[in-house]
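So you can see what is in the structure, the chains are spelled out below.
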Amino acid sequence: MATPDPAPATSNITVRRGDPLVVVDNVQKHYGEFQALTDVNLTVNRGEVVVVIGPSGSGKSTLCRTINRLETITSGSISIDGTELPKEGKGLAALRADVGMVFQSFNLFAHLTILDNVTLGPIKVRKMKKADAEREAMVLLDRVGVGHQASKLPAQLSGGQQQRVAIARSLAMQPKVMLFDEPTSALDPEMINEVLDVMVGLAQDGMTMIVVTHEMGFARKAADRVVFMADGKILEDDKPEEFFTHPKTDRAKDFLSKLITH
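Residues numbered from 1 in each chain as written. Predicted model: local features only at pLDDT ≥ 70, side-chain atom pairs only at ≥ 80, totals over all residues. Heavy atoms only, no water.

The name given to the chain in an unreviewed UniProt entry is Amino acid ABC transporter ATP-binding protein, and the organism recorded there is Microbacterium memoriense. According to UniProt, the comment filed for the chain under the heading Subcellular location (unreviewed entry) is "Cell membrane". Its UniProt record gives the chain a comment under Sequence similarities (unreviewed entry), which states: "Belongs to the ABC transporter superfamily." (UniProt positions renumbered as here; feature names shortened; annotations may be inferred.)

Trainee: How do you make sense of the overall build of the chain when you look at a structure like this?
Mentor: Within the chain, the regular secondary structure consists of 9 helices and 10 strands. Taking 262 residues into account, the globule formula puts the C-alpha radius of gyration at 18 Å, and the chain, at 18 Å, falls close to it. C-alpha extents for the chain along the principal axes are approximately 55 × 45 × 35 Å. Within the chain, the proportion of its 262 residues that are buried is 53%. (Helix = DSSP H or I, 4+ residues; strand = E, 2+ residues; numbered from the N terminus. Rg over C-alpha atoms; globule rule 2.2 N^0.38 Å. Buried < 20%, exposed > 50% of the residue type's maximum accessible area, 1.4 Å probe, protein only.)

Trainee: How should I be thinking about the sheet that holds strand S5 (residues 83-84) in this particular structure?
Mentor: The strands making up a sheet are joined through hydrogen bonds of the backbone, oriented either antiparallel or parallel. Taken together, 4 strands build an open sheet; the order of strands is S2-S1-S4-S5 and the sheet is antiparallel. The open sheet terminates on both sides in strands that have one partner only, identified here as strand S2 (34-45) and S5. Across 2 bridges, the pairing between strand S4 (residues 75-80) and S5 is antiparallel. Looking at S5, one finds that Ile80 is bridged to Thr83. (Pairing = 2+ DSSP bridges.)

Now the structure itself:
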């Protein structure tokens, strides 16, 4: 699949780069006695693509899920565009609407058509008129290569197509930042690239993205920074070329050596 065409003007993707958009400040996360995140500090600037990698159980997905409060934090703070995430209530719902999330599983509503899946959020949350929401949705579905499937149900699409619909659904909310939690891990190998191509296109268009993935090729190609986590801590935060060629910690060296030799 070819890389998608650049976003049309209606996609509302910001390209104003540089100022901090997501700020994670000294975040701790406990599950009972187990500490999942320890002293996590991370700033993601507007227009940046940050790829988070590390061994299983390192806290990558937990970090991703705390950024829109799918997981509460024990202490510390997380801010989106200068506003700290509240613990609950309407303020949280409003701020969460600015944070798109794409999961391992596609989480599409099985009883709704592809088009209705994408328009549901804008109509219900953003209070868009149905005709406007449908017009925007078709632009996005065409952009991710599934516009011709708009009238079908999710079960009629392949896994790769469903994940691309999930990306379009998140984009329809006009988010300030997109979170991807292992977006290709549930896909067959031949479907992975079609989803990664869409993500590369988003990165090129200036969408702020935090991506938890095992796809090192995507990290090399699209990331501005690679964040390496282990044992709930950020051990390295560097440009891809520097991280992959000159890892600084033994944990990162060990992680990369296993990737190369297996």
